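# Commentary on secondary and tertiary structure
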Amino acid sequence: MNKRFVVFVILSLFLLSSSLALFPQDSITLLTVAPDSDSGGTATLSLTVRPGNGAVFFDSTPLTEIDTQIATRFAQQFACSYYDYDCSKLDFFYVINADSSIVGGPSAGAATALLTLAVLADLPLKETAVITGTMTSGGIIGPVAGIKEKVRAAKAAGFSEVVIPGLANISSSLEFTDDGYVFVNMSDVFPSSFRNESEHVSSESSSSLPSISLVPSSFMVEGMLVHRMLTFDEVAEFFLSTSFVSPIESYELPERYVSLMKNISQGMCSRVDQIVAQVGEEVFSSSTDPMVNASRSFYFDAKNRTDDYYSIASLCYSASLKLRSFQLRNFSYDGRNRLAREVSASIDELEEKVLALPITTLSDVETYNIVSERILESREYVALFEETNNSDFLALGIERYNSGLVWSRFFLFDNGPAVDASKLRLACVEKIADADLRLNYLYTISRGLVPPESSQLTAAREEYSLEHYPLCIFHASQAKADADALLYSIMLSESGLREFFAIRTGVIDHLIAEQSAKGYFPILGYSYHEYAQVLETSDFASAFLFGEYALELSFLEEYFPFQRSREPPRFFSLDTHSLRYVFVSLFFLGFIVSQGLVFLLFKRRVKQSSPKGRSRSEK
């Protein structure tokens, strides 16, 4: 009887495990670098997807640092968005197995997103290649440390091809010292490495920064075929032999946006006219005061522009600020204090109105951020004036308040996916995690030269504690953009930064076009995008930073998605109730089959053990 029971259990478990194998699953090799070591290695990342409630589970042997878990979550979200599939009814089970003592860092982000996409799309991964790189907003493959160690690890693991970030500096390796950082020629690391004549190793000294081409390319390094790829589109097509990019025509600005932005620019410029009337037309046109000169320059620059309304509004704001500072210097002490009290009352009134407005769409979130930021800044500047009696602070307080008042007109621009308090809170938490991940990564590769916290990230945490979730999202987005801009400025030369700026501009255009096609036009993302292009020739550092802001704020739909259009593949269409029915059915089927097999085996054994006949002696 015991043997029958054992056979029954074994057969039942076999049938049950066979049913579990129906769940989509796959694995990918990760490239690692041991902590405080120059040796590279590999790890295995496995993924199983089952119907569920949108949870992401993570396990590892050995233990994993928190940044790896955050990067995994971001990569999963990106892959679901990229595949245009609603993952809210799926659970993702990620498991890492590695030989090192601890797994850490976000450099597996691109591999994780790739594996997730492969499982969702039910496509096999290219077996001869492996990838290293972080996932950043907009699908750009971000730079990672330890490229040379990872290339060697890939070769040792038997791979013939390796994909590295397009932003990787292939002609030099970044190393940090106590005094800062130096660049070491990669030819010292890879003797006779670059076989492709189209690739050139810089012959400049290590104290200078070589120009880095960001055009995706391939070259040989010690017998390994290395591919540089800048976007996830390239990576997905290379590893899965399928293009997921839908051709999108260039977008047109929504008429409502153009109308409102034009109205805002006119409002900002009419503000200059009002102050000119107060100080006198003759003073404005002939004064040699530096403040008036600057105001006049900004104002006429704005008047010479036609369609770039955000830039016009920014220039007229600067003109108003300079002229207001000039005007307030001639006010009496009592006059300035009376004006400060009036402005404070106006700020309170505007804040009360804004807080009372319902936040129901993503465009409301953006407008709330724009106006609330200006309210906070205006209040801070007025407080600084009251402490110092510096009229320039009062001018800033007045003009920031007026800017918020004018921008509040965008509350009439109702577009984008619906939002509620729970979605805003979750997006706030995830944006803080993204920013924290990026800053910690920057802190790690800089060996502590860059702190793992920033004023913007601190502000985001404070807004979260106050339950001001839209502002939390805004500050966290800026913190991540600041960190990325600094990371790129460290790892790329000026020519490389300019080349990346051009490529990123195309990525942002594609994001805006993609979201516009869905019915959402990112107000802040496009405004910063437009302003960055205007600044490119005159102030490239600011242009580059505004470009990062544009990228982050054109990607907010990731956290408030529209209804996904992709049909569920394979087993995903079954809900939990259906699966429970399937498993119960399989279990009873296993019970019936095992009972039948046990009966047949037992009958056969009885038949074999029974005598065919008696012997003669027994007769």
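Source: prediction; values computed, not measured.

The secondary structure content of the chain amounts to 19 helices and twelve strands. Within the chain, the proportion of its 619 residues that are buried is 51%. Nonlocal contacts in the chain, meaning residues at least 24 apart in sequence, comprise 78% of its contacts between residues at least 6 apart. Accessible surface for the chain amounts to roughly 29200 Å². Of this, 54% is attributable to carbon and sulfur atoms.

Let's shift gears to the state of the cysteines. This model, assessed by the stated rule, comprises three disulfides. The disulfide bridge from cysteine 269 ends at cysteine 316, spanning 1.9 Å between sulfur atoms. Judged by the torsion about the S-S bond (80°), the cysteine 269/cysteine 316 disulfide is right-handed. Remark: cysteine 316 occurs in helix 9 (residues 309–328) and cysteine 269 occurs in helix 6 (residues 255–279); sequence separation between them is 47 residues. Like cysteine 316, cysteine 269 is buried. Disulfide pairing is shown between cysteine 428 and cysteine 472; the S-S distance is 1.9 Å. When the S-S torsion is 80°, as for the bridge of cysteine 428 with cysteine 472, the disulfide is right-handed.

Before going further, it helps to examine the sheet that holds strand 5 (residues 129–131). Within the open sheet, the four strands sit side by side as 5-8-12-11. Their pairing is mixed. Unpaired on one side and paired on the other, strand 5 and strand 11 (218–221) mark the two borders of the sheet. Geometrically, the sheet is characterised by an average inter-axis angle of 30° between neighbouring strands, direction not taken into account. Pairing analysis gives five bridges linking strand 8 (residues 161–165) to strand 12 (residues 224–229), with the strands arranged parallel. Counted as the bridge partner of proline 165 is methionine 229 from strand 12.

Bringing the side chain of glutamate 463 into the picture now. Within the secondary structure layout, glutamate 463 lies in helix 14 (residues 455–465). With no salt bridge to any partner, buried glutamate 463 finds its closest opposite charge in arginine 379, at an N-O distance of 9.8 Å. Those residues in contact with glutamate 463 that lie beyond four places of it in its chain are Leu376, His468, Leu471, Cys472 and His475.

In this section: the sheet that holds strand 4 (residues 90–98). If you walk across this open sheet you meet the four strands as 1-2-4-3, and the pairing is mixed. Two strands in the sheet have a free side with no partner beyond their single neighbour: strand 1 (25–33) and strand 3 (56–61). Sheet twist, expressed as the mean angle between neighbouring strand axes with direction ignored, is 20°. Bridge count for strand 3 against strand 4 is six bridges, and the pairing is parallel. Counterpart to serine 60 in the pairing with strand 4 is isoleucine 96. This element, helix 3 (residues 109–121), spans strand 1, strand 2 (40–51) and strand 4 of the sheet and lies at about 170° to strand 1. Contacts from helix 4 (residues 147–156) reach strand 1 and strand 2, with the element oriented near 130° to strand 1.

Time to look at helix 9. With 20 residues, helix 9 ought to run about 28 Å at 1.5 Å a step, and its terminal C-alpha atoms sit 28 Å apart, in line with that. By the criterion of burial, helix 9 is predominantly enclosed, with 18 of the 20 residues buried.

For the rest of this paragraph, the subject is the pairing of strand 4. Consecutive residues of a regular strand have side chains that alternate between opposite faces of the sheet. Where strand 2 meets strand 4, nine bridges bridge the pair, whose relative direction is antiparallel. Of the residues in strand 4, the one forming a bridge with threonine 44 is asparagine 97.

For the rest of this paragraph, the subject is the confidence of the model for the chain. Taken as a whole, the chain shows an average pLDDT of 80; of its residues, 75% reach a score of 70 or greater. At the low end of the mean pLDDT range in the chain sits strand 10 (residues 180–185), at 31; at the high end sits strand 5, at 96. Of the regions scoring below 50 in pLDDT, residues 171–216 engages in 97 contacts with residues more than four places distant in sequence or in other chains.

This brings us to the packing of aromatic side chains. Here the structure, examined in full by the defined rule, presents 33 aromatic pairs. The interplanar angle of 85° and the centroid separation of 6.4 Å between the aromatic rings of tyrosine 488 and phenylalanine 544 together place this pair among those described as edge-to-face. One end of the pair, tyrosine 488, is in helix 15 (residues 469–491); the other, phenylalanine 544, is in helix 18 (residues 540–553), with 56 residues separating them in the sequence. Accessibility assignment for this pair places tyrosine 488 and phenylalanine 544 in one class, buried. When the centroid spacing of 5.3 Å and the interplanar angle of 50° are considered together, the rings of phenylalanine 521 and tyrosine 526 count as tilted. Members of the aromatic cluster, joined through ring pairs, are Tyr251, Tyr257, Tyr310, Trp407, Phe410, Phe413, Phe521, Tyr526, Tyr528, Tyr531, Phe546 and Tyr549. Cation over ring: arginine 498 sits above phenylalanine 540, and NZ or CZ is 4.1 Å from the ring centre. The aromatic ring of phenylalanine 544 is capped on one face by arginine 504, whose charged end is 4.3 Å from the ring centroid.

Between helix 16 (residues 494–518) and helix 17 (residues 523–535), the least distance of the axes is 11 Å, while the angle of their chain directions is 150°. The orientation of helix 16 relative to helix 17 falls into the category roughly antiparallel. The chirality of how helix 16 crosses helix 17 is left-handed. Where helix 16 approaches helix 17, its residues Phe501, Thr505, Ile508, Asp509 and Ile512 are matched on the opposing element by Tyr526, His529, Ala532 and Gln533. Here the residues of the contact of helix 16 with helix 17 are counted per class, giving five nonpolar, three polar and one charged.

Attention shifts here to the environment of leucine 394. Tracing the sequence through the fold places leucine 394 in helix 12 (residues 391–407). Leucine 394 sits 16 residues away from serine 378 along the chain, and the two C-alpha atoms are 8.6 Å apart. If near-sequence neighbours (up to four positions away) are discounted, leucine 394 is found in contact with Leu328, Arg336, Leu339, Ala340 and Phe385.

With that settled, consider helix 5 (residues 232–240). Turning to helix 5, its buried residues are Phe232, Val235, Ala236, Phe238, Phe239 and Leu240. One or two residues past the end of helix 5 sits serine 241, with phi positive at roughly 55°.

Cut-offs used in this document
- Residues numbered from 1 in each chain as written.
- Predicted model: local features only at pLDDT ≥ 70, side-chain atom pairs only at ≥ 80, totals over all residues.
- Heavy atoms only, no water.
- Helix = DSSP H or I, 4+ residues; strand = E, 2+ residues; numbered from the N terminus.
- Buried < 20%, exposed > 50% of the residue type's maximum accessible area, 1.4 Å probe, protein only.
- Contact = heavy atoms within 4.5 Å.
- Areas by Shrake-Rupley, 256 points an atom, 1.4 Å probe, with all protein chains shown as cover.
- Disulfide = S-S within 2.5 Å.
- Pairing = 2+ DSSP bridges.
- Axes fitted to C-alpha atoms, helices over the stretch in contact; angles between N-to-C directions.
- Lys, Arg positive; Asp, Glu negative; His and termini not counted.
- Salt bridge = Lys/Arg side-chain N within 4 Å of Asp/Glu carboxyl O.
- Expected span 1.5 Å × (residues − 1).
- pLDDT = per-residue confidence, 0-100.
- Phe/Tyr/Trp six-rings, centres within 6.5 Å; stacked < 30°, edge-to-face > 60°.
- Lys NZ or Arg CZ within 6 Å of the ring centre and 35° of its normal.
- Parallel < 35°, antiparallel > 145°, perpendicular 65-115°, else oblique.
- Left-handed = near helix turned anticlockwise from the far one by under 90°.
- Nonpolar A, V, L, I, M, F, W, Y, C, P; charged D, E, K, R; others polar.

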